[in-house]
Amino acid sequence: MAALLEPPPPFLNPLLPQSSNPTRLLLLPHNLKFKRLNLYNNPTLHSNTTTCFAATPQPEPEFPDPTSEPTRDRRRAVRLAWEKLVRWSRSLRSKTKTDILERTNKVNCCCVVVLGGGSFATAMAAHVANRKDELEVNMLVRDAQVCQSINHNHFNSKYFPEHKLPENVIATTDAKAALLNADYCLHAVPVQFSASFLEGIADYVYPELPFISVSKGLELNTLRTMSQIIPQALKNPRQPFIALSGPSFALELMNRLPTAMVVASKDKKLANAVQELLASSYLRISTSRFDVTGVEVTGALKNVLAIAAGIVDGMNLGNNSKAALVSQGCSEIRWLATKMGAKPTTITGLSGIGDIMLTCFVNLSRNRTVGVRLGSGEKLDDILSSMNQVAEGVSTAGAVIALAQKYNVKMPVLTAVARIIDNELTPKKAVFELMSLPQVEEV
């Protein structure tokens, strides 16, 4: 070390920073090894006898030789595993007739009705229509301007003004005309308006028409899910019902980006039929074994948790706090959902953890956006009045707390969201109270 404090030889002066102190400390990288050099016999470097240190980099770490036997064995094992998976997939597909459109009771046509004219209703209508040119897709909408835009220009001017719709998508404001000869009905009306909407069209719905619900949430005053709302509003307890859920933004469906969703029904054959109807090269459809409750409850509760995640972002509390909050929220959803009869596999699947990740961490989420703006200090009324789509989590929050009380489940994070929405608690105070909860064992 003493040698480093000696005055440097003159030939190094141009390379060193200027200083009034003739003694300079050379700070060298920690990963360099040193060796002594005698410069006496090297007149090109220095004419006097000087001892200094020269740095040589450490050798680069050695990577496995791609031609070695262990590496070849590993690669062979990976290749065989992949080939086995592909063979299994092809074999299963060859045994299963996957085109429900060819097996419908009509000769060359199947009719699907989409209830609603919002972004997800439009995306699902476009997706189904793209499955087959002969397919009829009727959209029942309220807005006459949207109806005209779809029929005349093949665009939903309100939600997707830059995405052209297939020509076999037809919009109407006439419920009777839309539902005539329908084979499937895809329900995309917001939960809070579904009962009154369905009661108004009940006379045109035949009893065997399968309803595929993509609406996520709980009815505020009654705590009902869509599987309860639809048959009761239509006055038909045997109305076929399928819940469709999972991490899926309408915009990405419209852009045909790879997506995966799950269908659940008490009728296994019906679930398989809907799976075949909707599955495509860019949309995977899994089936849930009779767990309609799990798919619906997790799909509803994740919207409330997304608001909480957005609040954390709006308050700039950082990634640590957001990860902790979402983890706690997932536990609360699991506690309540399992008490209501949901299966653990559903909670950790597409409609549970999958949808939670999407809505809590991605900017396209409407519910997360509400939370961000709440966390930034905006008033809820101002936020909602500026949005052209429904954030289901706002209405669902109060219903979630009523369910938690009914099933005797403590849900601090989701309860805090409900209190903030009711303007009874500020986001800052909510964070303080949550961080002050007793330190307990993780369950």
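Since the structure is predicted, the reported quantities are computational estimates derived from the model, not experimental observations.

Visitor: Could you give an account of the overall build of the protein chain, with specific residues and numbers?
Guide: The secondary structure content of the protein chain amounts to 17 helices and 10 strands. When burial is assessed residue by residue, the protein chain has 45% of its 443 residues classed as buried. For the protein chain, the share of sequence-separated contacts (at least 6 apart) that also reach a separation of at least 24 residues comes to 69%. Working note: accessible area of the protein chain is about 24,800 Å², and carbon and sulfur atoms make up 54% of it.

Visitor: Hey, could you go over the packing of helix α10 (residues 318-339) against helix α12 (residues 350-361) for me, with residue numbers and the actual values?
Guide: To describe two helices that pack against each other, one gives the angle between their axes and the distance between the axes. It is at 12 Å that the axes of α10 and α12 come closest, and there the two elements cross at 145°. In this structure, α10 meets α12 at a crossing whose hand is right-handed. Residue-level inspection shows Lys322, Val326, Cys330 and Ile333 of α10 in contact with α12, the latter providing Ile353, Ile356, Cys360 and Phe361. For the contact of α10 with α12, the per-class residue count stands at seven nonpolar, no polar and one charged.

Visitor: Outline the packing of helix α2 (residues 119-131) against helix α8 (residues 268-278), listing residues and values.
Guide: The contact between α2 and α8 brings their axes to 9 Å, and the two run at 80°. In this view, α2 runs roughly perpendicular relative to α8, as classed from their interaxial angle. Taking contact as the criterion, the partners of Met124, His127, Val128 and Arg131 in α2 are, on α8, Glu276, Leu277 and Leu278. The residue inventory of the contact of α2 with α8, partitioned by class, reads four nonpolar, one polar and two charged.

Visitor: Outline the pattern of salt bridges, listing residues and values.
Guide: Side-chain pairs of opposite charge can arise whenever the charged atoms involved come near each other. Evaluation of the coordinates by the stated rule reveals 10 salt bridges. When the shortest N-O distance is used, the salt bridge between Lys322 and Asp313 registers 2.7 Å. Taking relative accessible area as the criterion, Lys322 reaches 6% and is therefore assigned buried. On the basis of relative accessible area, Asp313 is assigned to the partly exposed category, the value being 22%. Of the charged contacts, one joins Glu424 and Arg419 as a salt bridge, the two residues approaching to 2.7 Å between their closest N and O atoms. Assessed through its relative accessible area of 48%, Glu424 is described here as partly exposed. What emerges from the salt-bridge pattern is a single network uniting Lys216, Lys302 and Asp355.

Visitor: Give a detailed account of the nonpolar core, specifying residues and quantitative values.
Guide: Leu305, Val326, Val370, Leu374, Val400 and Leu414 are the most contacted members of the largest nonpolar core, which totals 46 residues. Of all the secondary-structure elements, those providing two or more residues to this core are α9 (292-314), α10, α12, α13 (366-375), α14 (380-385), α15 (392-406) and α16 (412-421). The contact partners of Val326, leaving out residues within four places of it in the chain, are Leu305, Ala309, Ile356, Cys360 and Phe361. Of all hydrophobic cores here, the second largest spans 44 residues; its members include Cys110, Phe120, Tyr184 and Ile285.

Visitor: Could you give an account of the confidence of the model for the protein chain, naming the residues involved and the relevant values?
Guide: Looking at the protein chain, the pLDDT average stands at 86 and 82% of residues meet or exceed 70. Throughout residues 1-5 the model reports pLDDT below 50, and contacts reaching past four residues in sequence, or to other chains, amount to nine contacts. Low pLDDT (under 50) marks residues 19-41, which in the prediction has 44 contacts with non-local residues, meaning those over four places away or in another chain.

Visitor: Explain α8 to me, and be specific about the residues and the numbers.
Guide: Inspection of α8 places Leu270, Ala271, Ala273, Val274, Glu276, Leu277 and Leu278 among the buried residues, and these make up the whole buried set. The inward-facing, buried residues of α8 abut α2, β6 (184-187), β7 (211-213), β8 (241-245), β9 (259-265) and β10 (283-289). Sitting at the amino-terminal end of α8 is Asp267, which places a side-chain oxygen 3.1 Å from the backbone nitrogen of Lys269.

Quick notes on the rules
Here the residue numbers are simple positions, counted from 1 along each chain's written sequence. Where local features are concerned, this predicted model is filtered to residues with pLDDT of at least 70; where side-chain atom pairs are given and counted, the filter is 80 or more; whole-chain, interface and lining totals use all residues. Computation of side-chain values: all heavy atoms of the structure, hydrogens and water removed. Only DSSP runs of H or I covering at least 4 residues are called helices, and only runs of E covering at least 2 are called strands; the numbering of each starts at the N terminus. Each residue is placed in one exposure class: buried if its accessible area under a 1.4 Å probe, protein chains only, is under 20% of its type's maximum, exposed if it is over 50%, and partly exposed if it falls in between. Throughout, a residue-residue contact means that at least one pair of heavy atoms, one from each residue, lies within 4.5 Å. For the area figures, the Shrake-Rupley method with a 1.4 Å probe applies, and any residue is considered shielded solely by the protein chains shown. Between the N-to-C directions of two axes lies an angle of 0 to 180 degrees, each axis being a line fitted to C-alpha atoms and, for a helix, fitted only over the stretch in contact. By the definition used in this description, the sense in which the near helix is turned from the far one sets the handedness, with an anticlockwise turn below a right angle giving left-handed and a clockwise turn giving right-handed. Side-chain classes are defined by residue name, with Ala, Val, Leu, Ile, Met, Phe, Trp, Tyr, Cys and Pro counting as nonpolar, Asp, Glu, Lys and Arg as charged, and the others, Gly among them, as polar. Between 65 and 115 degrees an angle is taken as roughly perpendicular, under 35 as roughly parallel, over 145 as roughly antiparallel, and anywhere else as oblique. Every case where a carboxyl oxygen of Asp or Glu lies within 4 Å of a side-chain nitrogen of Lys or Arg is listed as a salt bridge. Here, the term nonpolar core denotes a set of buried Ala, Val, Leu, Ile, Met, Phe, Trp, Tyr and Cys residues that are joined through side-chain atoms within 4.5 Å. pLDDT expresses, on a scale from 0 to 100, how confident the predictor is about each individual residue. A 3.5 Å cut-off defines polar contacts: any pair of N or O atoms within that distance qualifies, except that in protein one atom must be a possible hydrogen donor and the other a possible acceptor, and neighbouring residues in sequence count only when both atoms are side-chain atoms.

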